[in-house]
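Examination of the molecular architecture
What follows is each chain in one-letter form.
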Amino acid sequence: MDKRPSWDEYFMSISRLVAERSTCLRRHVGAVLVRDRHILATGYNGPPAGLPHCDETGCIREKLGVPTGERHELCRGIHAEQNAIIQSANYGTGIRGATIYTTLHPCSVCAKMIINAGITRVVTDDSYPDDLASEMLTQAGVQVDHLPDLVQAPAGDDSAVVATGDPTPETGTG
């Protein structure tokens, strides 16, 4: 019998699916906001609503040779985390105390939004070259977990269960 995914694995798999909606030419990123094991909002990286997508217009950053992690203001797109927070606001969904699952570690702009939105935990699937973002999230007391580290917890170690806040570890009762 296959192992039932942890809540972290489950929500991260949904963020990966959300990322498939992205039309960014550099990378596809997805985010899912969750509280009490319920999805509050999702977001993926792409241009503002109603504007042409980057796969139609081309990538300004590519044309200018801007390295990843630099000059965010030159991008037409909104990051996945920003879109999830905006969707929450648009639909009147409070996200204070939520966890955000994102396929890529937040940049410093997204980190500031996460902190001010009251999101208390970030679960990432991959890293991003932005030391300032990591520093600010730590200073603000936002818990940051890297999913591959949680999944690789040794057998008998239920730290991943504690980290997910899941009081019903793999018992089938959750």
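Now for a look at the structure at hand. (Residues numbered from 1 in each chain as written. Predicted model: local features only at pLDDT ≥ 70, side-chain atom pairs only at ≥ 80, totals over all residues. Heavy atoms only, no water.)

Moving on, we come to the overall build of the protein. A count of helical and extended segments in the protein gives eight helices and five strands. When the elements of the protein are put in sequence order from the N terminus, they spell out α-β-β-α-α-α-β-α-β-α-β-α-α. Per-residue burial over the protein gives 43% buried out of 174 residues. Taking the intrachain contacts of the protein between residues at least 6 apart in sequence as the baseline, contacts between residues at least 24 apart amount to 56%. Accessible surface, the protein: about 9,500 Å² in total, of which carbon and sulfur atoms supply 53%. (Helix = DSSP H or I, 4+ residues; strand = E, 2+ residues; numbered from the N terminus. Buried < 20%, exposed > 50% of the residue type's maximum accessible area, 1.4 Å probe, protein only. Contact = heavy atoms within 4.5 Å. Areas by Shrake-Rupley, 256 points an atom, 1.4 Å probe, with all protein chains shown as cover.)

Further remarks concern the pairing of strand β4 (residues 121-124). Successive residues of a regular strand alternate their side chains across the two faces of the sheet. Because side chains alternate across β4, one face comprises the buried residues Arg121 and Val123, and the other comprises Val122 and Thr124, equally buried. Strand direction decides the pairing type here: strand β3 (residues 99-102) and β4, joined by four bridges, are parallel. In the sheet register, Thr102 faces β4, and the bridge partner there is Thr124. This β-α-β element, β3 to helix α5 (residues 108-117) to β4, shows right-handed connectivity. Here four bridges tie β4 to strand β5 (residues 143-146), and the two strands are oriented parallel to one another. What sits directly across from Val123, in β5, is Asp145. (Pairing = 2+ DSSP bridges. Right-handed = clockwise from strand over helix to strand, strands pointing away.)

This part is about the nonpolar core. Residues Leu33, Ile85, Ile95, Ile100, Ile114 and Ile119 are the most contacted members of the largest nonpolar core, which totals 23 residues. Secondary-structure elements contributing two or more residues to this core are β1 (30-35), α4 (80-90), α5 and α6 (131-139). If near-sequence neighbours (up to four positions away) are discounted, Leu33 is found in contact with His38, Ile39, Leu40, Ala41, Ala84, Ile85, Ser88, Ile95, Ala98, Thr99, Ile100 and Ile119. Within the second largest apolar cluster, eleven residues are counted, among which are Trp7, Phe11, Val34 and Val123. (Core = buried A, V, L, I, M, F, W, Y, C linked by side-chain atoms within 4.5 Å.)

Time to look at empty space enclosed by the protein. Under the criterion given, the structure shown has one cavity of 30 Å³ or more. By volume, the largest cavity is sized at about 410 Å³. For the largest cavity, the lining is made up of 29 residues, of which Cys24, Arg27, Asn45, Cys75 and His79 are closest to its centre. (1 Å grid on protein atoms, 1.4 Å probe; cavity = no way out; pocket = protein on both sides within 12 Å on 5 of 7 lines; lining within 4 Å. Points joined across faces, edges and corners; volume = space filled by probe spheres on them.)

Relative to the elements of secondary structure, Ala19 occurs in helix α1 (residues 7-19). Exposure remark for Ala19: the relative accessible area of 6% places this residue in the buried category. Taking the C-alpha atoms as reference points, Ala19 and Thr103, 84 residues apart in sequence, are found 7.7 Å from one another. When neighbours within four sequence positions are excluded, Ala19 is seen to be in contact with His28, Val29, Gly30 and Tyr44.

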